[in-house]
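One letter stands for each residue in the lines below.
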Amino acid sequence: DGKRAELKADDDGAGQKNSQIEHFVLPDDGTYYVIATRYQRDTGTSAGPYRLTLTREGDAFAGALPAVPRLDFGNATIGMITGETPEVLYAFIGSAGDTITAAMLRSDGNLDPLLMLLDQNQNVLAQDDDSAGSQNARIDRFTLPYTGIYYLRATRYTNPAGGTPTSGSYLITLAQRFDTP
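Here goes a summary of the coordinates provided. (Residues numbered from 1 in each chain as written. Predicted model: local features only at pLDDT ≥ 70, side-chain atom pairs only at ≥ 80, totals over all residues. Heavy atoms only, no water.)

1. Points about the sheet that holds strand 5 (residues 124-128)
Spatially, 4 strands are ordered 2-7-4-5 in an open sheet, and the strand pairing comes out antiparallel. Each having just a single partner strand, strand 2 (88-94) and strand 5 make up the two edges of the open sheet. Strand-to-strand, the axes of this sheet are offset by a mean angle of 20 degrees, without reference to chain direction. By the bridge criterion, 7 bridges tie strand 2 to strand 7 (residues 148-156) in an arrangement that is antiparallel. The partner of I93 across the bridge, within strand 7, is I149. (Pairing = 2+ DSSP bridges. Helix = DSSP H or I, 4+ residues; strand = E, 2+ residues; numbered from the N terminus. Axes fitted to C-alpha atoms, helices over the stretch in contact; angles between N-to-C directions.)

In structure tokens form, the structure reads like this:
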């Protein structure tokens, strides 16, 4: 489409008026451009030589559990919770300070969705079973504490008093938030 959206910028992160962007995870496969310019760009007054270095730090998903599907910001996927598959894990990459919203919405059946946000060691950071209305789950505006791998666990609410476990299909979404609460 010819449009280029700025993903990350810095003017003095390396100190002494030197720029540096570290540990930035590219959001998807494809072609990216690095634009080297000066402070205040077209209206700036600085000039001089510079050195540009780009280093690939490897596959961000290298430490993820094998065979766990990936979920990217802005995407959705469908799944099914049954007696044989009571939960499904999804992996995603986030950066410290990213604010996210994730939702799990029942598509059919009597599923009562339960959504959990897990750290790289599968410790629960947040969970929800009803915030999206109609027994749907939403983790809203959670700020990620570190840069790296996170997991979403799609499962079902189980009543501690007993009852028949629910099942059905669902839609799970993951969004990076840029608006203010």
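2. A look at the pattern of salt bridges
In the structure shown here, the tally under the stated rule is 2 salt bridges. The partner of R153 in a salt bridge is E87, and the shortest N-O contact between them spans 3.4 Å. Taken together, the residues R153 in strand 7 and E87 in the loop between strand 1 (75-81) and strand 2 connect sequence positions 66 residues apart. Between D140 and R177 there is a salt bridge, and its shortest N-O distance comes to 3.3 Å. Taken as a pair, D140 in strand 6 (residues 137-143) and R177 in strand 8 (residues 168-177) lie far apart in primary sequence, 37 residues in all. Classification of R177 as partly exposed rests on a relative accessible area of 21%. (Salt bridge = Lys/Arg side-chain N within 4 Å of Asp/Glu carboxyl O. Buried < 20%, exposed > 50% of the residue type's maximum accessible area, 1.4 Å probe, protein only.)

3. Quick word on the packing of aromatic side chains
Within the structure shown, the criterion is met by 3 aromatic pairs. Aromatic pair F73 and F92: ring centres 5.9 Å apart, planes at 65 degrees, arrangement edge-to-face. Of this pair, F73 sits in the segment before strand 1 while F92 is found in strand 2, placing the two residues 19 residues apart along the sequence. Residue F73 is classed as partly exposed on the basis of its relative accessible area, which comes to 27%. Note on F92: relative accessible area 1%, which makes it buried. Relative to Y150, the ring of Y146 lies with its centre 4.3 Å away and its plane at 20 degrees, an arrangement referred to as stacked. Y150 gets classed as buried once you look at its relative accessible area, which sits at 0%. One aromatic cluster in this structure is built from F73, F92, Y146 and Y150. (Phe/Tyr/Trp six-rings, centres within 6.5 Å; stacked < 30°, edge-to-face > 60°.)

4. Some details on the sheet that holds strand 1
The 4 strands are arranged 1-8-3-6 in an open sheet whose pairing can be described as antiparallel. Strand pairing shows two members of the sheet lacking a second neighbour, strand 1 and strand 6, which therefore form its edges. Strand-to-strand twist of the sheet, defined as the mean angle between neighbouring strand axes without regard to direction, takes the value 15 degrees.

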